[in-house]
Amino acid sequence: MDTHAQQYNRPSGSPSGAFSGSRFEAMMIPGSLEPTPVTSLQWEKIGFSVVVASHMGGSVAGADGVFEAPVVLPSGVLRMPPQACALNYGQALFEGMKARRGVDGKIRLFRMADNAMRMSRGAGRFMMAAPSPELYARTVLETVKANLEYVPPEGKGSLYIRPLLAGVGMTLAPAASDTTLFMVYVQPVGSYFKGLSCIAIKADADYHRAAARGTGWVKAAGNYAPCFMPVKKAKADGFADILFLDHEGRHVEEVGSANFAMVKKGTLYVADSPSILGGITRDSVMRVAREALGVKVVFAPLELDKVLGLGAYAKQGPADEAFCMGTAAVISPIGSLRWKDADFTFGKGETGPLTASIYEKIDGIQIGRLPDTYGWTTVVD
Ligand code: PLP
Ligand code: COI
């Protein structure tokens, strides 16, 4: 019997109007989170800290793995039993997307179907029900439409979209929950790093982000908390983030929140590994570089020595350009990398020409300045 799922069947008792009958509404206390007034937002100064938008969307699947029709409700906190699997055993993962207001005033989402697919792959690994691409898209679109006033003006940031998937049924023995929450919240964001200005990062010899055959390739909530401590230390030393290495300390993996690439003699080297996130920005960068800019792209494990010009690569010197890329990070040029006690500068320590061209192309597609020949964007009408 679907006993644990049933705890989410009862009305929330919220005074917010008619109960929709959905398990998502039973989980939420609609209206219990005070939205940030749009009038208080200063678009020029907006960064990457919490803003509460007015509405959140979601749907819950019971033991049959079938999600109900999604509903969008006034923003609220969730009710969850302390025995919820996500809280005890980390059965949770998330996605990250952006909606951007374009030069033509239209709002566009970027590569939504790819985010839905990645969530579905992660759900399989973590034994959760996976929202179909249609349910994913409907929930995202309806949530964005309910929060249109939070989409920043063109050129002043994006609406960050955070789809979550979590096992919320009760477990004591560590095993999969019978109830899965899929929900979407959104908020306006500005730069995660420093826009197109260079950042300095460090490669970390002491901490690894993901195990070789582990779940680094899933956007699992539990991959992020172990990075807080080393990243905090790196930030205290003046670095924007950490470049994590593989278990041998030989190949670069990824930055804590973005993938890594470098340019040497006109070739783009993009770091691959089975234990890193298959970034959608990374894929877009490679396609634009190859197909639109005619650049040779090498997508393979990338030795730290090659990035820094050490060992067998000593004659070649450090990379000419380096950058990290992700939905939040966008394309962030890396001016220098600390390894052990030395700082290695890429090119002149400024945004490189290929980095800038790739950025221009992807940014142009996202805001409708350039034609979307790839079919990557969805216009929110
Ligand atoms: N790697 C990690 C660890 C991330 O958190 C992200 C951000 O989502 C990425 C890479 C880049 O992925 P995407 O380009 O799909 O946002
Ligand atoms: C993203 O780019 O969407 C991320 O999830 C990275 C970070 C904010 C955790």
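From a predicted model like this one, the values you see are computed outputs, not experimental measurements. (Residues numbered from 1 in each chain as written. Chains lettered and ligands numbered in written order. Predicted model: local features only at pLDDT ≥ 70, side-chain atom pairs only at ≥ 80, totals over all residues. Heavy atoms only, no water.)

## As for the domain arrangement of the protein chain
Part 1: Taken domain by domain, the protein chain comprises domain 1 (6-190) and domain 2 (199-350).
Part 2: Each of domain 1 and domain 2 was reduced to a C-alpha centroid, and the two centroids are 29 Å apart.
Part 3: The partner domain 2 presents 16 residues to the 18 residues of domain 1 that form the contact.
Part 4: Summing both sides of the interface, domain 1 and domain 2 together bury roughly 1500 Å²; the carbon and sulfur share of this comes to 66%.
Part 5: Among the residues domain 1 hides against domain 2, the three largest losses belong to Phe-94, Arg-111 and Arg-118. Together they make up 40% of the total.
Part 6: In this structure, the connection of domain 1 to domain 2 is made through one salt bridge.
Part 7: Notably, a salt bridge pairs Arg-111 with Asp-283, separated by 2.8 Å at the nearest N-O pair.
Part 8: Inspection of the domain 1/domain 2 interface yields six residue pairs in polar contact (both at pLDDT 80 or more).
Part 9: For the side of domain 1 that touches domain 2, the secondary structure elements donating two or more residues are strand S5 (92-94), strand S6 (97-101) and helix H4 (112-125).
Part 10: Considering every element that reaches the side of domain 1 that touches domain 2, the biggest residue donor is H4, with six residues. (Domains from an automatic or database assignment. Contact = heavy atoms within 4.5 Å. Buried area = accessible area lost by both parts, 1.4 Å probe. Salt bridge = Lys/Arg side-chain N within 4 Å of Asp/Glu carboxyl O. Polar contact = N/O pair within 3.5 Å; in protein donor to acceptor, adjacent residues only side chain to side chain. Helix = DSSP H or I, 4+ residues; strand = E, 2+ residues; numbered from the N terminus.)

## Concerning the site of ligand 1
Part 1: Residues in close proximity to ligand 1 total 16 residues, the closest being Lys-219, Tyr-224, Glu-254, Thr-281 and Thr-327.
Part 2: Between ligand 1 and the protein, one listed contact pairs an oxygen atom with a side-chain N or O atom of Tyr-224 at 2.5 Å.
Part 3: In the environment of ligand 1, an oxygen atom lies 2.8 Å from a nitrogen or oxygen atom belonging to the backbone of Ile-280.
Part 4: Only helix H7 (280-292) and strand S17 (321-326) provide two or more residues apiece to the shell around ligand 1.
Part 5: Residue composition of the shell around ligand 1, by class: five nonpolar, seven polar and four charged. (Near = heavy atom within 4 Å. Nonpolar A, V, L, I, M, F, W, Y, C, P; charged D, E, K, R; others polar.)

## Quick word on the site of ligand 2
Part 1: The local shell around ligand 2 consists of Phe-48, Phe-94, Gly-96, Tyr-160, Arg-162, Lys-219, Tyr-224, Ser-257, Thr-327 and Ala-328.
Part 2: Between Arg-162 and ligand 2, the recorded distance is 3.5 Å, taken from a side-chain N or O atom to an oxygen atom.
Part 3: Surface burial for ligand 2 is 89%, taken as the share of its 280 Å² of free accessible area covered by protein chains.
Part 4: Partitioned by chemical class, the residues of the shell around ligand 2 number five nonpolar, three polar and two charged.
Part 5: The two domains that each donate at least three residues to the shell around ligand 2 are domain 1 (6-190) and domain 2 (199-350). (Areas by Shrake-Rupley, 256 points an atom, 1.4 Å probe, with all protein chains shown as cover.)

## Re the pattern of salt bridges
Part 1: Scanning the model with the defined rule gives 15 salt bridges in all.
Part 2: The closest approach of N and O atoms between Arg-250 and Glu-303, which form a salt bridge, is 3.9 Å. Within this pair, whereas Arg-250 is found in the loop between strand S11 (242-245) and strand S12 (251-255), its partner Glu-303 is found in strand S16 (residues 302-303), the two being separated by 53 residues in sequence.
Part 3: On the accessibility criterion, Arg-250 (41% relative accessible area) is partly exposed. (Buried < 20%, exposed > 50% of the residue type's maximum accessible area, 1.4 Å probe, protein only.)

## Points about the packing of aromatic side chains
Part 1: Counting across every chain of the model gives eight aromatic pairs.
Part 2: With 5.5 Å between their ring centres and 80 degrees between their planes, Phe-110 and Trp-376 make a pair best called edge-to-face. A residue pair is termed long-range when its members are at least 10 positions apart, and Phe-110 in strand S7 (residues 107-110) and Trp-376 in the loop between helix H9 (353-366) and strand S20 (377-380) qualify at 266 residues.
Part 3: Between the aromatic rings of Tyr-192 and Phe-193, the centroid separation amounts to 4.9 Å while the plane-to-plane angle is 70 degrees, which identifies the pairing as edge-to-face. (Phe/Tyr/Trp six-rings, centres within 6.5 Å; stacked < 30°, edge-to-face > 60°.)

## A closer look at the pairing of strand S9 (residues 180-189)
Part 1: Within S9, nine of the 10 residues are buried, leaving the element largely enclosed by the surrounding structure.
Part 2: Examined bridge by bridge, strand S2 (residues 55-61) and S9 share five bridges and lie antiparallel to one another. Note on S9: the bridge partner recorded for Gly-58 is Met-183.
Part 3: Note: strand S8 (residues 158-167) against S9, 10 bridges, orientation antiparallel. Bridge pairing in S9 links Leu-165 to Phe-182. (Pairing = 2+ DSSP bridges.)

## A few points about the side chain of Ser-177
Part 1: Relative to the helices and strands, Ser-177 is located in the loop between S8 and S9.
Part 2: Those residues in contact with Ser-177 that sit more than four places away from it in its chain are Cys-85, Gln-91, Gly-167, Val-168, Gly-169 and Thr-171.

## Comments concerning the nonpolar core
Part 1: Leu-109, Tyr-136, Val-140, Val-144, Ile-161, Leu-165 and Phe-182 are the most contacted members of the largest nonpolar core, which has 35 residues in total.
Part 2: Core analysis: the second largest hydrophobic core is formed by 27 residues, Phe-193, Ile-201, Leu-243 and Ala-271 among them. (Core = buried A, V, L, I, M, F, W, Y, C linked by side-chain atoms within 4.5 Å.)

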